[in-house]
Amino acid sequence: MAKVKADTLVLILGDQLTPEIAACRAAPTDATLLICEVASETTYVRHHKKKIAFLFSAMRHFAEEMRTSGKKVIYRKLDDAPAATTMTDAVSHAIRKTGATALYATRAGEWRLVHEMEEWPKKLGIDVHLHDDDRFLCPREEFERWAEDRKSLRMEYFYRDMRRRTGLLMDGDHPVGGRWNFDAENRKPAEADLLMPDVARFEPDAITRDVLDLVRENFADHIGSSDNFWFAVTRADAQKAFQHFLREALPWFGDFQDAMLREKRFLYHSVCSIYMNCGLLDPLAMCRAAETEYREGRAPLNAVEGFIRQIIGWREYVRGIYFLRGPDYTRENRLQAMRPLPSFYWTGETEMECLRCAITQTIEEAYAHHIQRLMVTGLFALLAGVDPHETHVWYLEVYADAYEWVEAPNTIGMSQFADGGYLASKPYAASGAYIDRMSDYCGACVYRVKHKAGLRACPFNYLYWDFLIRNGERLSRNPRLAQPYRLITKMSDARRREIAEDSARFLSALS
Ligand SMILES: Cc1cc2nc3c(=O)[nH]c(=O)nc-3n(C[C@H](O)[C@H](O)[C@H](O)COP(=O)(O)OP(=O)(O)OC[C@H]3O[C@@H](n4cnc5c(N)ncnc54)[C@H](O)[C@@H]3O)c2cc1C
Ligand code: SF4
């Protein structure tokens, strides 16, 4: 980095690509922005190639955007010498080079970096101003207050408060349409011949092509490929992608939210989490735009309410849980599941068609939609008794939208029930019938979804019962599981033996 004089630096992290981020607002207007590609951020877990390429390209484009708007920017590339192995290294180096006497930063979204930043006032020897990230609607302390003294932290109640607070889909004090939640009208299986839009795709420009070369050279052993890269990497293109979703997909978002089709990877999903999570899109503005689609008659209420609930409800809620539960949350393992993650999670090579599709798509696109994550890859790991920490690391590595604050509660809490029911009121456990109802996977599978036992039976069918029987002591008193446990008490010994033998045979072949 050439010697540049700067009194004040404003550090912008890769997921803080928002011009009005708290640290920028607080710092003097002539402060110099500092943006760094840091080795440890790419390798603390081995992120998908497309995720690294997306973030580096979005960071480089953001730097250009800021320069064009008149800001001074110091940008440090991954291969600039001397190598910055950690964020602290990169910041210390910039302070030495510029002679800066003050640093402004917005607090990170992951405990790992939160702790590193908290050391800076002592370590760096200059004035350090750390600011809370106020791009979220519910500040951390407010979530803590909301959670205090509550017996159960159900998302639905949190969501209603967020509706009241934002005024989204409200008629005065009442929810539009007389109900808070229209989920009962969603969850239709998709038919293959529905006319589905493709996701908005963008040709890589020169900056992105450079980054793709850097990723090919430096991260060859990370999962996925950097070929066929189509993500938006600028604020303007991310906005185009969102407008494309509003026009082409939002009206059907609710109906087919839980559907899965082999040939349609994106269905009616927004594919906007990648842009929101790094700051290219503003979640509240997106919700207001979706509400306008409803108010102006272009999208039905069930779709718009469903979309808004995911963002002001689930997205905010899981972040609240992440910080409330503290840094050890990712180590929770209340069901004491110990199996290593099967190797096919890294290759997609399995005869189970649902898993093959969801994992192959993940390897190719660094994207799978919610039900593929929850009810295919997550469901299998849950039923097979995979160590939830291994599952958590996999999700953090493979998705372009993955940051611990949003990924960990979804994996540890919602999908693996490893927090003992803090986030979800019951495990998302199901047999193959659920996947068959919501997808076209089973027709193309070597396993038979209607068979309950034997070599060709769908593994989800016996693993479901094996999971419940195995975890009977921990789960049988859960009122939401009363019905399956009643069926278990009525099961013959022979049927129980069959389940145990099929499961043991299948699981031992896995390892
Ligand atoms: C095991 C597991 C791991 C997950 N890991 C991540 C992750 O690392 N990053 C991430 O952003 N989401 C994660 N999710 C939530 C959800 O799957 C993704 O947000 C969604 O699939 C992103 O695709 P989309 O933008 O097309 O979403 P859409 O279906 O279009 O939904 C709209 C938006 O709602 C928000 N949203 C929806 N569901 C959730 C949820 N459960 N939690 C938080 N926000 C939600 C997202 O911002 C999303 O962009 C995970 C879910 C599971 C079950
Ligand atoms: S039969 Fe079972 S394993 Fe095969 S696709 Fe259906 S749910 Fe998946």
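The rules we used
- Residues numbered from 1 in each chain as written.
- Chains lettered and ligands numbered in written order.
- Predicted model: local features only at pLDDT ≥ 70, side-chain atom pairs only at ≥ 80, totals over all residues.
- Helix = DSSP H or I, 4+ residues; strand = E, 2+ residues; numbered from the N terminus.
- Rg over C-alpha atoms; globule rule 2.2 N^0.38 Å.
- Buried ≥ 20, exposed ≤ 12 C-beta atoms within 10 Å, placed from the backbone.
- Pairing = 2+ DSSP bridges.
- Domains from an automatic or database assignment.
- Contact = placed C-beta atoms within 7 Å.
- Nonpolar A, V, L, I, M, F, W, Y, C, P; charged D, E, K, R; others polar.
- Axes fitted to C-alpha atoms, helices over the stretch in contact; angles between N-to-C directions.
- Parallel < 35°, antiparallel > 145°, perpendicular 65-115°, else oblique.
- Left-handed = near helix turned anticlockwise from the far one by under 90°.
- Core = buried A, V, L, I, M, F, W, Y, C linked by C-beta atoms within 7 Å.
- Near = placed C-beta within 6 Å.

Even after reading the chapter, I still don't get the overall build of the protein chain, so can you show me in this structure?
The secondary structure content of the protein chain amounts to 23 helices and seven strands. Its C-alpha atoms give the protein chain a radius of gyration of 24 Å, within 12% of the compact-globule value 24 Å for 511 residues. Along the three orthogonal principal directions, the C-alpha set of the protein chain runs to about 80 × 55 × 50 Å. Here the protein chain, with 511 residues, has 46% of them falling under the buried criterion.

Is there a simple way to explain the pairing of strand S1 (residues 8-12) in this structure?
For a regular strand, side chains alternate in direction, first toward one face of the sheet and then toward the other. Counting buried residues in S1 gives four out of five residues, a clear majority hidden from the surface. Across four bridges, the pairing between S1 and strand S4 (residues 102-106) is parallel. For Leu 9, the partnering residue across the bridge sits in S4 and is Leu 103. With four bridges connecting them, S1 and strand S2 (residues 32-36) associate as parallel partners.

Can you help me understand the environment of Leu 487 in this one?
Relative to the elements of secondary structure, Leu 487 occurs in helix H22 (residues 482-490). When the 11 C-beta atoms within 10 Å are taken as the criterion, Leu 487 is described as exposed. Taking the C-alpha atoms as reference points, Leu 487 and Trp 465, 22 residues apart in sequence, are found 9.9 Å from one another.

Please clarify how the domain arrangement of the protein chain should be interpreted in this entry.
Often the size quoted for an interface is simply the accessible area lost on bringing the parts together. Segmenting the protein chain into domains produces domain 1 (8-131), domain 2 (140-197 + 249-325) and domain 3 (343-510). Placing a centre on the C-alpha atoms of domain 1 and another on those of domain 2 gives a separation of 31 Å. At the interface, nine residues of domain 1 touch five residues of domain 2. Looking at side-chain class alone, the side of domain 1 that touches domain 2 contains five nonpolar, three polar and one charged residues.

Any chance you could explain the packing of helix H20 (residues 459-470) against helix H23 (residues 493-510) here in plain terms?
What describes two packed helices is the angle between their axes and the distance between those same axes. At their nearest, the axes of H20 and H23 sit 9 Å apart, and the two run at 110° to each other. Judged by the angle between their axes, H20 and H23 are roughly perpendicular. Considering the relative orientation of H20 and H23, their crossing is left-handed. Contacts between H20 and H23 involve Pro 459, Tyr 462, Leu 463, Trp 465, Asp 466 and Ile 469 on the former and, on the latter, Arg 496, Ile 499, Ala 500, Asp 502, Ser 503 and Phe 506.

I tried to follow the nonpolar core on my own but got confused; where do I start?
Inside soluble globular proteins, nonpolar side chains tend to come together where they are buried. Ranked by size, the top nonpolar core spans 150 residues in total, and within it Val 10, Leu 11, Tyr 275 and Leu 383 carry the most contacts. Dropping the residues within four chain positions of it, Tyr 275 is found in contact with Ala 232, Ala 238, Ala 241, Leu 280 and Leu 281.

Explain the site of ligand 1 to me, please; I cannot follow it from the model alone.
Around ligand 1 lies a shell of 28 residues, among which His 269, Ser 270, Ser 273, Gln 310 and Glu 407 are the nearest. Looking at the shell around ligand 1, the elements with two or more residues in it are helix H12 (273-277), helix H14 (301-325), helix H16 (370-384) and helix H18 (404-415). Looking at the shell around ligand 1 residue by residue, the classes come out as 13 nonpolar, eleven polar and four charged. Inspection of the shell around ligand 1 shows a minimum of three residues originating in each of domain 2 (140-197 + 249-325) and domain 3 (343-510).

Explain the pairing of S2 here, please?
By the criterion of burial, S2 is predominantly enclosed, with four of the five residues buried. Of the strand pairs in this sheet, S2 and strand S3 (residues 72-76) are connected by five bridges, and their pairing is parallel. Counted as the bridge partner of Leu 34 is Ile 74 from S3.

I tried to follow the site of ligand 2 on my own but got confused; where do I start?
Around ligand 2 sit 14 residues, and of these Cys 354, Gly 432, Cys 442, Cys 445 and Cys 458 come closest. Looking at the shell around ligand 2, the elements that each hand over two or more residues are helix H15 (353-365), helix H19 (432-438) and H20. Looking at the shell around ligand 2, the element that brings in the most residues is H19, giving three residues. Taken together, the residues that form the shell around ligand 2 break down as eleven nonpolar, one polar and two charged.

Before we go on, may I ask you to explain unusual backbone geometry in this structure?
Negative phi values dominate among residues other than glycine, just as trans dominates among peptide bonds. A cis amide bond, omega -10°, links Ala 81 with the succeeding residue Pro 82. Within the secondary structure, Pro 82 is located in the loop between S3 and helix H4 (87-98). Unusually for a residue other than glycine, Val 271 sits at a positive phi of about 50°. Mapped onto the secondary structure, Val 271 falls in the loop between helix H11 (250-253) and H12. Phi at Gln 336 is positive, roughly 50°, even though this residue is not glycine. With respect to the helices, strands and loops of the structure, Gln 336 is situated in the loop between H14 and H15. Under the C-beta neighbour-count criterion, Gln 336 is labelled exposed, with 12 such atoms within 10 Å.

Would you mind going over the packing of helix H8 (residues 155-166) against H14 with me for this structure?
Packing of H8 against H14 brings their axes to within 9 Å, and their N-to-C directions diverge by 120°. Accordingly, the angle class assigned to the pair H8 and H14 is oblique. Handedness of the H8/H14 crossing: right-handed. For the pair H8 and H14, the contacting residues are Met 155, Phe 158, Tyr 159, Met 162 and Thr 166 in the first and Arg 309, Ile 312, Gly 313, Trp 314, Glu 316 and Tyr 317 in the second. A class-by-class count of the residues in the contact of H8 with H14 yields seven nonpolar, two polar and two charged.

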